[in-house]
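# Structural characterization, general
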Amino acid sequence: MGIAKISGQAKTVLSKIGRQAKIPHGLCAKLTAVVILGLCFIFIWSFYSTTPDNLVSQRDSFSDIAEPSTVKSTYHSKVKSLPNLPQNNGSLPHKVDNQGKKGNKVKVKKGINNGKNETVVKKDELENVEGSERSEDESESESVNEENDVVVDGKEEGLLKSDEDVDLEDGIDVESDENVDEGDDDLESKGKKKGKKKGKKKLGPVFDPKGKYSWKLCNVRSKHNYIPCIDVESGTGKVQRYRHFERSCPKAPPMCLVPLPPDGYGTPMRWPESKGKILYKNVEHPKLGAYIKAENWTLQSEEYLVFPQNQSDVVNGVANYLESIEEMVPDIELGKNVRVVLDIGVTDSNFAATLLDKNVVTLSLGLKDDLVDLAQVAIERGFPAIVSPFSTRRLPFSSATFDAIHCSGCNVHWHTSEGKKLLEINRLLRPGGYFILSAKHHSSEEEEAMSTLIASICWNPLTDKVDESTEVRVKVYQKPESNTIYDLRRKKNPPLCDEKQNPDAAWYIPIGHCLHLVPTAIEQHGTEWPAEWPSRLESYPDWLNDKEKVKADTHHWKSIVEKSYLTGMGVDWKNIRNVMDMKAIYGGFAAALSEQQVWVMNVVPVHAPNTLPYIFERGLFGVYHDWCEPFGTYPRSYDLLHADHLFSRLKNRCDQPVAIVVEMDRILRSGGWVIVRDKVVILDPLEGILRGLNWDIRMTFSQDKEGILVAQKTSWRP
């Protein structure tokens, strides 16, 4: 039966129904008839018509479809010159004068400083505060050197496409002249610039202006010491352990508030008094109480945990221990040649205290596998520390950056798993860097395996000394400074890494069984040893292309800190010791605070240009992190958090940006401060969220679309 015949039958049916519809049965009958006719027509047509094969046939294979090319996320940058900075203030020339300008809003609350009310803002300080908004926002959008445009994020490799640059009117605002791709990064990306035309799309606001939040306490086994992504939340069923072997975050970011310690949280001891004692209830833990009874470097005295100056888990004290190392290895020159040290597995935090007296900053790595929480003790004392498992993935640091790495009784079995952990140490050490290993009671099999492994990676044994009274064996090794020695190995095991592998890729990247080549090209970081401290703080190595921009950034933050942060915010800096820059670029903020009695954790987001190597080059330190996830530290770790355009750079990465505010509440101490600089459309709802958390808003300032918010956390818990 053909289509013409079907059409004729349909017309006949239509005419009959039409004649019947003339009988006054009402409008409903007519509509029903039309619907039935339409369904019948569709059924008859689909039954007799020929169906295209390409719509219903199932493929046996996809061999005829070309595989799409791998998407490689790189950081694109439009190079343009940075205006010269004026000498009279810390703002850039494009700053709009407050006089005669509408739209400037200033709200000031009186800050509490030693029990006295103090007006927090002056006019010239406000100008300086405002001047950094556009300048810092612009500085990141400019070129950050091609050698820094590398990949550090491997968690979402192959799963997500790189984000397009966007302009957002109602939320995150990325200027139209910017061309920085901050999408998820591919492990094998080489950071080459692409000439892709910039696209635009609109996304919703970062924070819902009408959002309402109901807060509750976290109900987890770790209670007041809860570290998401590291602690196992529930002990129900067959789950018996308290810690994850690897970083493992909840499917949804935590939206609960960590409770205070059971006996309350006291105001931390001020620096430098905290070097000698801390409030025990602030770090109290059942296993910690049992641990300190067997140690001589710390003891409990009434409400305090006390750290005698001349006591240490190292016999004869840390001072003698370090002096003996300097005698055995004269070139190590602690405080001059060696400035930044990584201490694997926190045991005695007096090690960091003694090194600090020598102008050496020690970043302690708490492995979080012993339940004693000694890293929390180090943080409470005022020493830098992060918490991270050390198993099969790389640590969150750039390559060739640490001057020395120390392990004293850290219980790491370096020779197991093909020596991958030692290969990770090799990645982190700068060429010519030192690995200091001290331990006792090693079996002959372990010693032999360790010696074989050391020889295979061509480290130079500088000293091997055993203290007969303590049976502690101290070894110091040095990483090669060139690649020629690798060619002399009889067995190429471990092999050299493929040149395409990015040694700086560190976020959720597995440790490979290979040796990265020592950097030799002038555009690579790590080719030369940094200048001595403190000259290295403002040094500009040859591999840093745009030196003038870094100098401008340094001068810029120095003016902002001196003219605003230290005097115009109401912050009592005598109570500030532990500071975090949540979106560091060149470390200019940390450098500006170098003369203050503080340390700064420089956090380089994994989706931002890789500037962490230069931060280490300056004698500072930091980590990679993705702020869509909780940070690796204990609750109540920091006295001040600094977030310069952090939220406006999130784009559409995080499903719940408000979870970042919850994380800020977790890692900030009661009485701690936050300084947030960002777009007004972000700061306005953020202020509402902080008020909902019962934080005190100490100051807000806005001009045009930019603003600053200063808030102080209280001890409120729901």
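Located above this text is the structure these notes cover.
Residues numbered from 1 in each chain as written. Predicted model: local features only at pLDDT ≥ 70, side-chain atom pairs only at ≥ 80, totals over all residues. Heavy atoms only, no water.

What follows deals with the overall build of the chain. When helices and strands are tallied, the chain shows 16 helices and 20 strands. Burial analysis of the chain (718 residues in total) assigns 55% to the buried set. A fraction of 73% describes how many contacts in the chain between residues 6 or more apart in sequence connect residues 24 or more apart. For the chain, the exposed area adds up to about 33,200 Å²; of that, 51% sits on carbon and sulfur atoms. (Helix = DSSP H or I, 4+ residues; strand = E, 2+ residues; numbered from the N terminus. Buried < 20%, exposed > 50% of the residue type's maximum accessible area, 1.4 Å probe, protein only. Contact = heavy atoms within 4.5 Å. Areas by Shrake-Rupley, 256 points an atom, 1.4 Å probe, with all protein chains shown as cover.)

With respect to the helices, strands and loops of the structure, Arg427 is situated in helix H9 (residues 420-428). Given a relative accessible area of 3%, Arg427 falls into the buried group. A polar atom in the side chain of Arg427 sits 3.2 Å from the backbone oxygen of Phe397. A distance of 2.8 Å separates the side chain of Arg427 from the side chain of Glu424, its partner in a polar contact. In contact with Arg427, other than residues within four places in its own chain, are Arg394, Leu395, Phe397, Ser398, Ser399, Ala400, Lys479, Pro503, Asp504, Ala505, Ala506 and His516. (Polar contact = N/O pair within 3.5 Å; in protein donor to acceptor, adjacent residues only side chain to side chain.)

Here His516 shows up in the loop between helix H11 (484-487) and helix H12 (547-565). Using a relative accessible area of 13% as the deciding quantity, one classes His516 as buried. At a separation of 3.0 Å, a polar atom in the side chain of His516 contacts the side chain of Arg394. Leaving out residues up to four positions away in the same chain, His516 has contacts with Arg394, Arg427, Tyr486, Cys497, Gln501, Asn502 and Pro503.

Moving on to the state of the cysteines. For the structure on display, the rule yields five disulfides. In this model, Cys229 is linked to Cys249 through a disulfide, with the two sulfur atoms separated by 2.0 Å. Here the S-S torsion is close to 110 degrees, and the disulfide linking Cys229 with Cys249 is therefore right-handed. Taken together, the positions of Cys229 in the loop between helix H4 (123-141) and strand E4 (277-279) and Cys249 in the loop between H4 and E4 put the pair 20 residues apart, joining distant regions of the chain. (Disulfide = S-S within 2.5 Å.)

Here we come to unusual backbone geometry. Look at the link from Trp271 to Pro272: it is a cis peptide, with omega at 10 degrees. The amide bond that connects Asn493 to the next residue, Pro494, takes the cis arrangement and shows omega of 5 degrees. By secondary structure assignment, the location of Pro494 is in the loop between H11 and H12. The backbone of Asp704 sits at a positive phi, close to 55 degrees, despite the residue not being glycine. Examined against the element boundaries, Asp704 turns out to sit in the loop between strand E19 (696-703) and strand E20 (706-712). Residue Asp704 is classed as partly exposed on the basis of its relative accessible area, which comes to 44%.

The subject of this paragraph is the sheet that holds strand E6 (residues 304-306). Read across the open sheet, the three strands follow the order E4-E6-E5; overall the sheet is antiparallel. At either margin of the open sheet sits one strand with a lone partner, and together these are E4 and strand E5 (299-301). Taken pair by pair, the neighbouring strands of this sheet meet at an average axis angle of 30 degrees, ignoring direction. Sheet analysis places E5 next to E6, joined by three bridges and oriented antiparallel. Within E6, the position partnered with Leu299 by the bridge is Val306. (Pairing = 2+ DSSP bridges. Axes fitted to C-alpha atoms, helices over the stretch in contact; angles between N-to-C directions.)

Here we come to H12. Between its first and last C-alpha atoms H12 spans 26 Å; for 19 residues at 1.5 Å apiece the expected length is 27 Å, and the two agree. Residues of H12 that are buried: Lys549, Val550, Ala552, Asp553, Thr554, His556, Trp557, Ser559, Ile560, Val561, Ser564 and Tyr565. (Expected span 1.5 Å × (residues − 1).)

Time to look at the packing of aromatic side chains. For the structure on display, the rule yields 19 aromatic pairs. Geometrically, the ring pair formed by Trp459 and Tyr477 is tilted, given 6.2 Å between the ring centres and 40 degrees between the ring planes. Here Trp459 is found in the loop between helix H10 (444-456) and strand E12 (460-467), whereas its partner Tyr477 is found in strand E13 (residues 472-478), with 18 residues between them in sequence. Grouped by ring-pair contacts, the aromatic residues Phe390, Trp414, Phe435, Trp459 and Tyr477 constitute a single cluster. Residue placement shows Arg381 over the ring face of Phe307; its charged tip is 3.8 Å from the ring centre. The ring of Phe390 has Lys421 lying over it, and the distance from NZ or CZ to the ring centre is 5.8 Å. (Phe/Tyr/Trp six-rings, centres within 6.5 Å; stacked < 30°, edge-to-face > 60°. Lys NZ or Arg CZ within 6 Å of the ring centre and 35° of its normal.)

By size, the foremost hydrophobic cluster in this structure holds 110 residues, and its most contacted members are Ile344, Phe397, Trp414, Phe435, Met580, Met601 and Phe647. With six residues, helix H15 (residues 658-667) is the single largest residue contributor to this core. Ignoring any residue separated from it by four or fewer positions in sequence, one finds Ile344 in contact with Leu365, Ile405, His406, Cys407, Cys410, Val412, Trp414 and Ile425. The next biggest cluster of nonpolar side chains, apart from the first, holds 24 residues, and it includes Ile230, Ile292, Val372 and Ala385. (Core = buried A, V, L, I, M, F, W, Y, C linked by side-chain atoms within 4.5 Å.)

Glancing now at H9. The periodicity of an α-helix, 3.6 residues per turn, causes residues three or four places apart in sequence to face the same way. Burial of H9 is extensive: seven of the nine residues sit out of reach of the surface. Taken as a whole, H9 has its buried residues at Leu422, Leu423, Glu424, Ile425, Asn426, Arg427 and Leu428.

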